[in-house]
Amino acid sequence: DTYKLSHPVIGQLLLARLSPAQILLLHREIATALQPQRREHSDKIAHHLVQAKAYGEALPYYIYATKRSARSGTNRMVIKHAKSAIALTENHDLSFADDATAALTYLLWGGALYSRGRFEDSKKQLLIAFEHAKNSDDSRLRGKVDASLGRAYYRLGVLDIAERHLRSSIRLCDRNSN
């Protein structure tokens, strides 16, 4: 079930009668009520946690929503959720759990931008993913980032850098298969 007021005016009237502290509590309670359905509603939980000013708790839900959107192929939602996760880290002095999580979030964002034909924007996010992936022990992830960067540079016509990233990706894949 989705929790939704039947008419936006009802929601506005309800919120107008609540104090700021009560509004924070209401959002916290909505996030808690959605917990049993966290896989389907991770984005809504994150939203309500942000509204409750529980930024650190919201971050993993936005990351999960980014991954879930990527699996379902909804690039617009990948971009939205990845941007929300990254905005939390930038605006609220938070950090990703580790470099692999940061790299994956930027990789998914860059991949979604690539799929929408936004190759320059994709490259920017993939370069950030690359910096995080370099600090990660996950060579498969580094290979995926290299491959994605290679494709982006290829589409941008920068063939020497594209080739370098694609060759690096192949080396990492060969290393993983042994």
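Placed above this text is the structure.
(A) Inspection of the overall build of the protein at higher detail. In terms of regular secondary structure, the protein is built from nine helices and zero strands. The N-to-C order of helical and strand elements in the protein reads α-α-α-α-α-α-α-α-α. Projected onto its principal axes, the C-alpha coordinates of the protein cover approximately 60 × 30 × 30 Å. A buried classification covers 38% of the 178 residues belonging to the protein. Once local pairs closer than 6 in sequence are excluded, the contacts in the protein between residues at least 24 apart make up 48%. Summed over its atoms, the accessible surface of the protein is roughly 10700 Å², and 51% of this surface lies on carbon and sulfur atoms. Positive and negative side-chain charges of the protein, numbering 27 and 18 respectively, have mean locations separated by a distance of 6 Å.

(B) Up close: the packing of aromatic side chains. Per the counting criterion, the structure on display carries three aromatic pairs. Here the aromatic rings of F96 and Y106 are separated by 6.4 Å at their centres, their planes lie at 65°, and the arrangement is edge-to-face. Here F96, found in the loop between α5 (75-91) and α6 (99-115), pairs with Y106, found in helix α6; they are ten residues apart in sequence, far enough to count as distant. Of the two residues examined, F96 and Y106, each falls in the buried class. Geometrically, the ring pair formed by Y106 and W109 is stacked, given 6.3 Å between the ring centres and 25° between the ring planes. Here W109 and Y106 lie together in helix α6, a separation of three residues that amounts to about one turn. For the pair shown, Y106 and W109 are each scored as buried.

(C) Local environment of the pattern of salt bridges. Under the criterion given, the structure shown has five salt bridges. Salt-bridge contacts for K123 lead to E120; the nearest nitrogen and oxygen are separated by 2.9 Å. Pair noted here: K123 and E120 are both in helix α7 (residues 119-134), with a separation of three residues, about one helical turn. Residue classification places E120 among the partly exposed residues on the basis of a relative accessible area of 36%.

(D) Region of the structure containing a positive patch on the surface. Together, R38, R39, K67, R68 and R71 line one region of the surface with positive charge. Looking at the positive patch, the elements with two or more residues in it are α3 (38-51) and α4 (55-72). Looking at which element gives the most residues to the positive patch, the answer is α4, with three residues. Tracing the backbone through its elements, the reader meets R39 in helix α3.

(E) View of the nonpolar core. Counting residues in each nonpolar core, the largest one holds 37 residues, and the members touching the most others are L49, F96, W109 and V145. Breaking this core down by element, the ones donating at least two residues are α2 (20-34), α3, α4, α5, α6, α7, α8 (139-155) and α9 (159-177). Looking at this core, the element that brings in the most residues is α6, giving eight residues. Setting aside residues up to four positions removed in sequence, W109 forms contacts with V78, I79, A82, K83, I86 and Q125.

Each value, and the rule that gives it
- Residues numbered from 1 in each chain as written.
- Predicted model: local features only at pLDDT ≥ 70, side-chain atom pairs only at ≥ 80, totals over all residues.
- Heavy atoms only, no water.
- Helix = DSSP H or I, 4+ residues; strand = E, 2+ residues; numbered from the N terminus.
- Buried < 20%, exposed > 50% of the residue type's maximum accessible area, 1.4 Å probe, protein only.
- Contact = heavy atoms within 4.5 Å.
- Areas by Shrake-Rupley, 256 points an atom, 1.4 Å probe, with all protein chains shown as cover.
- Lys, Arg positive; Asp, Glu negative; His and termini not counted.
- Charge placed at Lys NZ, Arg CZ, Asp CG, Glu CD.
- Phe/Tyr/Trp six-rings, centres within 6.5 Å; stacked < 30°, edge-to-face > 60°.
- Salt bridge = Lys/Arg side-chain N within 4 Å of Asp/Glu carboxyl O.
- Patch = residues over 30% accessible without salt bridge, like charges linked within 9 Å, V, L, I, M, F, W, Y side chains within 5 Å.
- Core = buried A, V, L, I, M, F, W, Y, C linked by side-chain atoms within 4.5 Å.

Shape is all these values report; function is a separate question.
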